[in-house]
Amino acid sequence: MDAETEAAETEAAQLYICTSCGFIYDPAEGDPDGGVPPGTEFTDIPDDWFCPVCGARKADFEPYEE
């Protein structure tokens, strides 16, 4: 696999963490209870979505670096 393909796959699986409570949004899982189906990238979630654990705003999430 070349570096460009690997970078695209890494980007597609970007996790985001809630800075308030530590909840990690995984695009593969989505947030079905919050109206976000599995496979939805974080950037495609509506801006009025909120953390299913603590209620923080989408703006309170940041990219998660493992």
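Remember, it's a predicted structure, so these values are computed and weren't measured experimentally. (Residues numbered from 1 in each chain as written. Predicted model: local features only at pLDDT ≥ 70, side-chain atom pairs only at ≥ 80, totals over all residues. Heavy atoms only, no water.)

### Points about the environment of Lys58
Which entries qualify depends on this criterion: Runs of E in the DSSP output that reach at least two residues are strands. Runs of H or I that reach at least four are helices, and both are numbered from the N terminus. Burial classes follow relative accessibility: with a 1.4 Å probe on protein chains only, a residue under 20% of its type's maximum area counts as buried, one over 50% as exposed, and anything between as partly exposed. Note on definitions: a residue-residue contact is assigned when non-hydrogen atoms from the two residues lie within 4.5 Å. In protein, a polar contact means a hydrogen-donor-capable atom and an acceptor-capable atom, both N or O and within 3.5 Å, with residues adjacent in sequence counting only if both atoms are side-chain atoms; elsewhere, any N or O pair within 3.5 Å suffices.
Tracing the backbone shows Lys58 in the loop between strand S2 (24–25) and strand S3 (61–63). For Lys58, a relative accessible area of 11% corresponds to the buried category. C-alpha of Lys58 to C-alpha of Ile17: the two residues are 41 residues apart in sequence and 9.9 Å apart in space. Those residues within four positions of Lys58 in sequence are excluded, and the remaining contacts are Phe42, Thr43, Ile45, Pro46, Asp47 and Trp49. In terms of polar contacts, Lys58 uses its side chain to reach the backbone carbonyl oxygen of Phe42, at 3.3 Å.

### Observations concerning the nonpolar core
Put simply, the test is: What is meant by a nonpolar core is a set of buried Ala, Val, Leu, Ile, Met, Phe, Trp, Tyr and Cys residues, joined one to another through side-chain atoms within 4.5 Å.
If you look at the biggest cluster of nonpolar residues, it comprises 10 residues: Tyr16, Cys18, Tyr25, Val36, Phe42, Ile45, Trp49, Cys51, Ala56 and Phe61. When neighbours within four sequence positions are excluded, Cys18 is seen to be in contact with Phe23, Cys51, Cys54, Ala56, Asp60 and Phe61.

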